[in-house]
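# Report on the structure
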Amino acid sequence: MKRKPLTLAVAVVLLVIFGLMLFVYQVRLSEVAVVTFFGKIAQVNTNAGPGLRLPYPIEKVFKLDQRIQNFEGRDKFEEIKLHDQNIILLSVYVGYRISDPTSFFTKFLNGSIPVAETVLNDLVRSSKLEVAGRHDFADFISTDPQQMKFVQIEKEILDEVQRRVNTNNYGVEIKFIEIQKIGLPESVTQNVFDRMTAERQYYISQIQSQGELESTRIKSAADSTAAKLLYDADAQAFTIRGEGEAQMMKSLEVLQQNPNLATFNMQIAAMEQFLKKKTTLVLDLSTSPLQWLQMAEPAKPDK
Amino acid sequence: MNPQDPNVPPVSSAPPAEDAGTQALAEALRSSFFIVQIIMVALVLVFLGSGFFTVGPQEKAVILRLGKPVDGGRLLGPGAHWSWPKPIDEVIRMHITSLSHAESSVGWYLTPQERAMGAPEPPGQSKLNPANITYALSADTNILHVMAVAQYTITDPTVFHFNFVDAPTFITNALNNALLRASSEFSVDGILTSNRAEFRERVQQQVNELVESEHLGVAVGQVDVFSSPPLNLKAKFKEVDQAVEKLHSMMAQAKTYDTTNVARARGEADTRAKVADAARKRKVDMMAAQADIFPKLLAQYVRNPELFKRIRQMAILENVYTNAQDKIVVPPNSREYRFQLNREPQEPSVSDIPTTP
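Check the secondary structure of chain B and you find 8 helices and 10 strands. Across the 357 residues in chain B, those meeting the buried criterion constitute 37%. Summarising the internal contacts of chain B: among those between residues at least 6 apart in sequence, 70% fall at separations of at least 24. Here chain B has roughly 21100 Å² of accessible surface; of this, 57% comes from carbon and sulfur atoms.

Written out as structure tokens, the structure is:
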């Protein structure tokens, strides 16, 4: 009899566990639970925590992931004819989340994500073709930033997809649609490569000629600057000499007392100055005062 | 009740055989039940003990009790913790490495898997099928390859793990989109050479904007961007680079020429001005000196002009002869005499500067 309470407790615990398994389900954070009663939606539980249900198969619980899901367009790289008849290849990736679990569950085979993404992919594909077809090539790729509509195009595709999703009541909110890959048809890439090669060749010759031109210009400018500096220096020297002449004239009045003496003095002073440095004198014996050396020569014997 | 009566069974003092069996069975059941109880207690202990868990140094954990975050989703740090075992509690571990990294998956000639394996660069092709080799288009409609590697840290693990099914893939896609957008805003030469830094900053800016707009719970740090011309045009692009290098070299030489020649001319000009000034000063001083002594000389000159001239001449000649560096006296009667002039080479002057051809 002493063991009866323990046995009873064990039995109760087992019963509770069994009951919990039958009547309770969990909703995890980031999940939503859809409970069906004989296949018909009975309740949608979006709150994380435990929930009550009738045992299987009376009620079934389906859990949907409410986090943002992303998928890449399955059409991969599809050629799109643009408004200006150019062809471009676009691939987008999509982020979405379940906004209305009831609609999502109903429309997509008990809330099947693969089925939903297949349907969404078709919507994205057709919206992408429609929106991109309204734009020119320069709206995607352009040297003019004002003309670029990259972000706008992404938003237009998103709006179009969201509009169609709402029309069909898919219970999905499109969070983002962004271009993931962009390209040109394979045949066009060859033309682009040919053009790029020609451009490179043009750049090479342009750089070479620019280098020679610029180098010559710099050297010529340097020569010109150097010549001008020397011309200016000569002009300045000429001015200085002129000023010297003018200053010398002040002494002229004194020298005018006897021009002959003045001239003589200036000549010999100039001669002294002229022969002051690094002078090599070549003299013969008749030059004064060397004529006196001749007198010192030994007397020649009488013949 | 005659004991001799054969119809009356004999009375025995031992318990009946059935009771012994029942007792043995009961005893066995009691023993089994005891063992079962021990096993149950052990199982309960094991069940409760399985609730212990550890959180690693680069992890955070959240406990979900019946699916609902405990304590409002409080993050558990590294160390030992306990929670109710499944299915009551569920421990969600979140890896928070100090620095994670994401690579772009489009735009490069090798896939991320090929890059990770160190695959060699494929040969250049005359045309590209974008389904096989992806690339980017520059603003001037040229083809090039670009790749980005971003470092990021998870700032809000709860958001990172519970708002996105695959947040790392989202970062990769954000890098892809940022690369394409930025490429479409720059010229091919800007991306490859002249505006590399601006291009990298633009990619970084785009990635930050995309990540922040979706509240991903990460902070993007350094974004490294790599770019390459199409493989079949690499040599051609290299030729352009070499031409640019040559241009720079020519410019440097021209600037050196400019600096040297102008500096030399400036020095020469300065010298010329100074020489002129010195000559002016000398002449003026000489004239002034002559004017000073002129009255005295005039008095002597008037007395005997010829003698005065001879004396003055000899005085000057004495100085000239004395100061002369070389004095050569030609021997009498010599018919030919040779000597060398300009023994010291003259210093070059600016007038000797060569001019450009």
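A few words on the overall build of chain A. Each helix and strand in chain A was counted, giving 8 helices and 10 strands. Relative to its 303 residues, chain A shows a buried fraction of 41%. Accessible surface computed for chain A: about 17100 Å², of which carbon and sulfur atoms make up 58%.

We now examine the sheet that holds strand E5 (residues 89–95) of chain B. All names here are of chain B. Ordered in space as E3-E2-E5, the 3 strands form an open sheet in which the pairing is antiparallel. Strands with a single pairing partner mark the edges of an open sheet, and in this sheet they are strand E3 (68–69) and E5. Relative to E5, strand E2 (residues 59–65) runs antiparallel, the two sharing 7 bridges. Bridged to Leu64 within E5 is Glu90.

With that out of the way, let us pick up the nonpolar core. One finds Phe140, Val172, Ile174 and Ile177 of chain A together with Val203 of chain B to be the most contacted residues of the largest nonpolar core, which totals 87 residues. Apart from the residues within four sequence positions on either side, Val172 of chain A is in contact with Tyr96, Arg97, Ser99, Phe104, Phe108, Leu120, Gln162 and Val165 of chain A. Leu261, Ala262, Ile268 and Leu283 of chain A belong to the second-largest nonpolar core, a separate cluster that totals 23 residues.

Moving on: the environment of Lys60 of chain B. Residue and element names in this part refer to chain B. One can find Lys60 in strand E2. Given the relative accessible area of 29%, Lys60 is considered partly exposed. Lys60 sits 34 residues away from Met94 along the chain, and the two C-alpha atoms are 5.2 Å apart.

What follows concerns the packing of aromatic side chains. Under the criterion given, the structure shown has 15 aromatic pairs over all chains. Each residue in the set Tyr93 and Phe176 of chain A together with Phe164 and Phe170 of chain B is aromatic and connected to the rest through ring pairs, giving one cluster. Over the ring of Tyr257 of chain B we find Lys219 of chain A, and its NZ or CZ is 5.7 Å from the ring centre.

Time to look at the sheet that holds strand E2 (residues 31–37) of chain A. Backbone-to-backbone hydrogen bonds join strands into a sheet, with any given pair of strands oriented parallel or antiparallel. Residues and elements named next belong to chain A. In space, the 3 strands of this open sheet follow the order E3-E2-E5, with antiparallel pairing throughout. Since the sheet does not close on itself, it has two edges, and those belong to strand E3 (40–45) and strand E5 (59–65), each with one partner. Each neighbouring strand pair of the sheet contributes to a mean axis angle of 25°, computed without reference to strand direction. With 7 bridges joining them, E2 and E5 adopt antiparallel strand pairing. Within the sheet, the bridge partner assigned to Ala33 lies in E5 and is Lys63.

Next up on the list: the packing of helix H7 (residues 259–274) of chain A against helix H8 (residues 305–323) of chain B. Put simply, H7 of chain A and H8 of chain B touch, their axes get as near as 9 Å, and they point 15° apart. One element, H7 of chain A, and the other, H8 of chain B, form an angle in the roughly parallel class. Of the two elements, H7 of chain A crosses H8 of chain B, and the hand of that crossing is right-handed. Residues Leu261, Phe264, Asn265, Ile268, Met271 and Glu272 of chain A of H7 of chain A touch H8 of chain B, and the partners they reach there are Phe308, Lys309, Arg312, Gln313, Ile316, Leu317, Asn319 and Val320 of chain B. Split by residue class, the contact of H7 of chain A with H8 of chain B holds 8 nonpolar, 3 polar and 3 charged.

Side chains of Arg241, Lys276 and Lys277 of chain A together with Arg282 and Lys283 of chain B sit close together on the surface and give a patch of like positive charge. Structurally, the position occupied by Arg282 of chain B is in helix H7 (residues 234–303). Take Arg282 of chain B: its relative accessible area is 37%, and that puts it in the partly exposed class.

Now for the pattern of salt bridges. Residue and element names in this part refer to chain B. As enumerated under the stated definition, the model contains 29 salt bridges over all chains in all. We note a salt bridge from Lys234 to Glu121, for which the minimum N-O separation is 2.8 Å. Within this pair, whereas Lys234 is found in helix H7, its partner Glu121 is found in the loop between helix H2 (112–116) and strand E7 (136–137), the two being separated by 113 residues in sequence.

Note: predicted coordinates in regions of low pLDDT should not be interpreted at a detailed level. Residues of chain A with pLDDT of at least 70 account for 95%, and the chain-wide mean is 87. The element-level mean pLDDT for chain A is lowest in helix H8 (residues 291–295) of chain A, coming to 72, with helix H4 (residues 150–168) of chain A highest at 94.

Residue and element names in this part refer to chain B. Here Val203 is to be found in helix H6 (residues 196–213). The class for Val203 is buried, based on a relative accessible area of 0%. A sequence separation of 29 residues divides Val203 from Ala174, and the C-alpha atoms of the two residues are 9.8 Å apart. Not counting residues within four places of it along the chain, the set of residues in contact with Val203 comprises Ala148, Ala178, Leu179, Ala182, Val223 and Val225.

This brings us to the interface of chain A and chain B. In many reports, interface size means the accessible area that the parts give up when they come together. Residue-level contacts link 108 residues of chain A with 117 residues of chain B. Here chain A and chain B share 4 salt bridges between them. Where Arg28 of chain A meets Glu90 of chain B, a salt bridge forms, and the shortest distance between an N and an O atom there is 3.2 Å. Where chain A meets chain B, there are 29 residue pairs in polar contact (both at pLDDT 80 or more). At 39 residues, helix H5 (residues 186–248) of chain A tops the list of elements feeding residues into the side of chain A that touches chain B. Relative to strand E10 (residues 326–330) of chain B, strand E10 (residues 280–284) of chain A runs parallel, the two being bridged by 5 bridges.

The rules we used
Residues numbered from 1 in each chain as written. Chains lettered and ligands numbered in written order. Predicted model: local features only at pLDDT ≥ 70, side-chain atom pairs only at ≥ 80, totals over all residues. Heavy atoms only, no water. Helix = DSSP H or I, 4+ residues; strand = E, 2+ residues; numbered from the N terminus. Buried < 20%, exposed > 50% of the residue type's maximum accessible area, 1.4 Å probe, protein only. Contact = heavy atoms within 4.5 Å. Areas by Shrake-Rupley, 256 points an atom, 1.4 Å probe, with all protein chains shown as cover. Pairing = 2+ DSSP bridges. Core = buried A, V, L, I, M, F, W, Y, C linked by side-chain atoms within 4.5 Å. Phe/Tyr/Trp six-rings, centres within 6.5 Å; stacked < 30°, edge-to-face > 60°. Lys NZ or Arg CZ within 6 Å of the ring centre and 35° of its normal. Axes fitted to C-alpha atoms, helices over the stretch in contact; angles between N-to-C directions. Parallel < 35°, antiparallel > 145°, perpendicular 65-115°, else oblique. Left-handed = near helix turned anticlockwise from the far one by under 90°. Nonpolar A, V, L, I, M, F, W, Y, C, P; charged D, E, K, R; others polar. Patch = residues over 30% accessible without salt bridge, like charges linked within 9 Å, V, L, I, M, F, W, Y side chains within 5 Å. Salt bridge = Lys/Arg side-chain N within 4 Å of Asp/Glu carboxyl O. Lys, Arg positive; Asp, Glu negative; His and termini not counted. Charge placed at Lys NZ, Arg CZ, Asp CG, Glu CD. pLDDT = per-residue confidence, 0-100. Polar contact = N/O pair within 3.5 Å; in protein donor to acceptor, adjacent residues only side chain to side chain.

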